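Residues per chain are reported as follows:
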Amino acid sequence: QVQLVESGGGLVQPGGSLRLSCAASGRTIRQGWFRQAPGKEREFVARYTWSTGIPMYADSVKGRFTISGDNAKSTVYLQMNNLDLEDTAVYYCAATRGFGMNWDYWGQGTQVTVSS
């Protein structure tokens with residue numbers, strides 16, 4: 001069993017930046033980020049595949065967010081730039097133990113609030 005611990009959430013102004021971190025207690029195949037805003041479904045944000053280093057992004061964040069990984073720290077980061085009000089949500093880290101689309105592990109979430 002792998003535990004995921006998120007950090008880096010907080011309050012930012014529109015147009016600002018924030019970096020989220022997700023530290024894994026064990027090895028995973030992929031780590032990614034989801035988010036859920038009030039009144040909305042949980043949605044995929046980005047994923048990172050350890051073996052290839054290939055990222056993938058939802059269209060809504062493409063060009064603004066960057067996902068990356070640090071093998072030595074078993075940590076995936078989500079650099080969020082040019083944040084807007086619609087980015088306000090609880091952000092959850094998730095991970096897989098295989099190459100399928102089943103997300104096996106979930107973090108507790110970290111709140112990101114974008115407010116003017």
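Criteria and thresholds
- Residues numbered from 1 in each chain as written.
- Predicted model: local features only at pLDDT ≥ 70, side-chain atom pairs only at ≥ 80, totals over all residues.
- Heavy atoms only, no water.
- Salt bridge = Lys/Arg side-chain N within 4 Å of Asp/Glu carboxyl O.
- Helix = DSSP H or I, 4+ residues; strand = E, 2+ residues; numbered from the N terminus.
- Buried < 20%, exposed > 50% of the residue type's maximum accessible area, 1.4 Å probe, protein only.
- Disulfide = S-S within 2.5 Å.
- Pairing = 2+ DSSP bridges.
- Axes fitted to C-alpha atoms, helices over the stretch in contact; angles between N-to-C directions.

Draft legend 1. The arrangement of the pattern of salt bridges in detail. Applying the stated criterion across every chain, the model contains 5 salt bridges. R35 is the partner of D87 in a salt bridge, and the nearest nitrogen-oxygen pair spans 2.9 Å. Of this pair, D87 sits in the loop between β8 (75-80) and β9 (89-96) while R35 sits in strand β4 (residues 30-36), placing them 52 residues apart in sequence. For the pair formed by D87 and R35, the shared burial category is buried. Several salt bridges converge on common partners, so that one network encompasses R35, E43, R64 and D87.

Draft legend 2. The state of the cysteines, seen in detail. A complete count under the given rule lists 1 disulfide for this structure. The disulfide bridge from C22 ends at C93, spanning 1.9 Å between sulfur atoms. Here the S-S torsion is close to -80°, and the disulfide linking C22 with C93 is therefore left-handed. You can see C22 sitting in strand β3 (residues 18-24) and its partner C93 sitting in strand β9, a full 71 residues away along the chain.

Draft legend 3. Structural context of the sheet that holds β3. Pairing in this open sheet of 4 strands is antiparallel, and the strands run β1-β3-β8-β7 from one edge to the other. At either end of the open sheet lies a strand with only one pairing partner, and these are β1 (4-7) and β7 (65-70). Recorded for the sheet is a direction-independent mean angle of 15° between the axes of neighbouring strands. Of the strand pairs in this sheet, β7 and β8 are connected by 6 bridges, and their pairing is antiparallel.

Draft legend 4. Region of the structure containing unusual backbone geometry. Phi at S74 takes a positive value of approximately 50°, unusual for a residue other than glycine. Tracing the backbone through its elements, the reader meets S74 in the loop between β7 and β8. In the Ramachandran plot, N82 falls in the positive-phi region, its phi being about 50° despite a non-glycine side chain. Position of N82 relative to the elements: it lies in the loop between β8 and β9. Look at N82 and you get partly exposed, because its relative accessible area is 49%.

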